[in-house]
Amino acid sequence: MRVVTTAQPLDVQPTPLALLLLGREADPKSERGVECPGDLPSPSDPDLVARARAAKEKLGDKVFILGHHYQRDEVIEFADVTGDSFKLAKDAAAKPEAEYIVFCGVHFMAESADILTSDDQKVVLPDLAAGCSMADMATAEQVAECWDVLTEAGIAGATVPVSYMNSSADIKAFTGKHGGTICTSSNAKKALEWAFEQGEPQQTKVLFLPDQHLGRNTAVRDMGMSLDDCVLYNPHKPNGGLTVQQLRDAKMILWRGHCSVHGRFSVDSVNDVRARIPGVNVLVHPECKHEVVAAADYVGSTEYIIKALEAAPAGSKWAIGTELNLVRRLANRFAAQDKEVVFLDKTVCFCSTMNRIDLPHLVWTLESLAEGTLVNQIQVDKETESFAKLALERMLALP
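Treat the numbers as computed from the prediction; the structure is a model and nothing was measured.

Got a minute to help me understand unusual backbone geometry in this structure?
With the exception of glycine, most residues fall at negative phi, and the peptide bonds are largely trans. Backbone torsion omega between Leu-209 and Pro-210 reads -20°, so that peptide bond is classified as cis. With respect to the element layout, Pro-210 can be found in the loop between strand E7 (205–209) and helix H10 (212–222). Non-glycine residue Asn-239 carries a positive phi angle of around 55°. For Asn-239, the position within the fold is in the loop between strand E8 (230–233) and helix H11 (244–249). What makes Asn-239 partly exposed here is its relative accessible area of 43%. Located in the positive-phi region is Asn-376, a residue other than glycine, with phi close to 50°.

Here's what the structure looks like:
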C-alpha cells in the first residue's frame, strides 16, 4: 500500500541576522545597515554616467565626493579626491564649504568623516549596507566586557587601548574615554610607542582593537617584540579564552578580529607567485597574517603600496596583497611604464561591502541631493563624537 502524504508548509522565520544580510533590517550597533529607500537606477541604464555628471554639476560646490582606493573604477571616476579612510576624512574636514560629503567607502569611514567635519556639513553614504566585517568584530558591549575582564585581572589601569581606524565610532569613543589613541596602518608603530610611554615601561600593556594582524605585525616586525609577548583575546569565549596569568604576562592583548580580504592571503599564495613569476617582488598590506608578512619582500599601507610602485624601476615585477580593485587599477596604470603588477592570490577577492557602492547607488544619491532630498545621512551622537574625536586628536598629535 502506498501512503501519500501532503507536504505542509514549514513555519520557518528568517533570523534577524538573515534579514540583516538581506538588507531588510537594521542593527544600529553594527556596521551593517539597510537597503536604500526609493528606487535605484538600473545598472544596465546606459545613461548612468551622464546622469551622474549632470547631478554633480547641478550640485556644484555643495557636494564633495570622496573615493576610497578600494572602490570600483566607475565610482572613482566621480571622486573629487581618493585615498585611504583617514586621509579622506581629513580631506572632508578641509572642505568646510561643501554642504554634502558623499563618502564612497564603508560605514566606519563615513562616521569618521562626520566626527571630523563641522555640524553644518552632512555626510552621506550611498549604500547604508556598505559596512566592514572587521569593524563588526568588535562591538561596544564586547569591548566593555573585555575591560571588565582586564579590571578583574588587575591590569586595566596599566592597559592603554589602541584602536585601528577600521573601527566603529563606539570603539573609537571607548578608546578616547580610556586614555588611548587611534592608529592607521601607516602610523601604527608610532601609536604603539606612544601607548607604551604612558605608564611604567615594564608594566604597560596595549589592548589592540580590532585587527589582530596589524597589531601583531607592528609589535613583532616593527618593534622587536616576540610572538610570546602577544595574546589573542576572543570575545566569544569566557575571559577571552585567556587565563589571568596570560593577561598579566602579555604586552599586547590582541582582539580576535581580521580583514576578510587580507586574511585570505597565505604563504602558499606567496610561494605560488614566486614560482610563476621569477624575480617578482611581493608587497603586502600589514592586515595580512604574520606568516604572510614574514614571507613578503615589502610590507606597507595602501599609500605605501602606491608610492612603492610609483618609485619602482621599469621592468620590475610586483605581486600585491591587498584589495583587488586597487591592484587592478595599479596594474593598468603602471603597464605603460613596463611594470608588471599582479594580484597575490589566484582567487578573485574584492571587498564585498566596499563594492556595494556602485554607480546606480551614487547616481541615486547625487540626484536625490540635487532635488533637495537628504538621503543616507551618517550621524554620530554628540557624546560618542566627543570621546572618539579625543582619540583621533591624540593620533593627530603623534610625532
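In this structure, what is going on with helix H14 (residues 302–311)? I would like to understand it.
Think of an α-helix as turning once every 3.6 residues; residues three or four places apart then point the same way. Of all the residues in H14, the buried ones are Thr-302, Glu-303, Ile-305, Ile-306, Ala-308 and Leu-309. Those residues of H14 that are buried are in contact with strand E2 (81–83), helix H4 (85–93), strand E10 (281–284), strand E12 (317–321), helix H15 (324–335) and strand E13 (340–343).

Is there a simple way to explain the pattern of salt bridges in this structure?
Once their charged atoms are close, side chains differing in charge can pair, the charge on each being opposite to the other. Taken as a whole and assessed by the stated rule, the structure comprises 16 salt bridges. With its nearest N and O atoms 3.2 Å apart, the salt bridge here joins Arg-221 to Asp-222. Arg-221 gets classed as partly exposed once you look at its relative accessible area, which sits at 44%. Salt-bridge contacts for Lys-382 lead to Glu-385; the nearest nitrogen and oxygen are separated by 3.9 Å. Highlighted residues: Lys-382 and Glu-385, both in helix H17 (residues 382–396), separated by three residues, approximately one helical turn. A single network of salt bridges, built from pairs that share partners, joins Asp-45, Arg-51 and Glu-367.

Could you clarify how one ought to interpret the side chain of Lys-339 in this entry?
Mapped onto the secondary structure, Lys-339 falls in the loop between H15 and E13. Polar side-chain contacts of Lys-339 include one of 2.9 Å to the backbone oxygen of Ala-312. Excluding anything up to four places from it in sequence, Lys-339 contacts Leu-309, Glu-310, Ala-312, Pro-313, Ala-314, Gly-315, Ser-316 and Phe-334.

Explanation requested: the sheet that holds E10 in the structure shown.
The strands making up a sheet associate through backbone hydrogen bonding, with each pair oriented either parallel or antiparallel. Sheet architecture is open: four strands sit in the order E11-E10-E12-E13, paired in parallel fashion. The two strands at the open ends of the sheet, each matched to only one other strand, are strand E11 (298–299) and E13. Pairing of E12 with E13, which is carried by four bridges, proceeds in the parallel orientation. Each residue of the ladder has a partner; that of Ile-320, found in E13, is Phe-343.

Cut-offs used in this document
- Residues numbered from 1 in each chain as written.
- Predicted model: local features only at pLDDT ≥ 70, side-chain atom pairs only at ≥ 80, totals over all residues.
- Heavy atoms only, no water.
- Helix = DSSP H or I, 4+ residues; strand = E, 2+ residues; numbered from the N terminus.
- Buried < 20%, exposed > 50% of the residue type's maximum accessible area, 1.4 Å probe, protein only.
- Contact = heavy atoms within 4.5 Å.
- Salt bridge = Lys/Arg side-chain N within 4 Å of Asp/Glu carboxyl O.
- Polar contact = N/O pair within 3.5 Å; in protein donor to acceptor, adjacent residues only side chain to side chain.
- Pairing = 2+ DSSP bridges.

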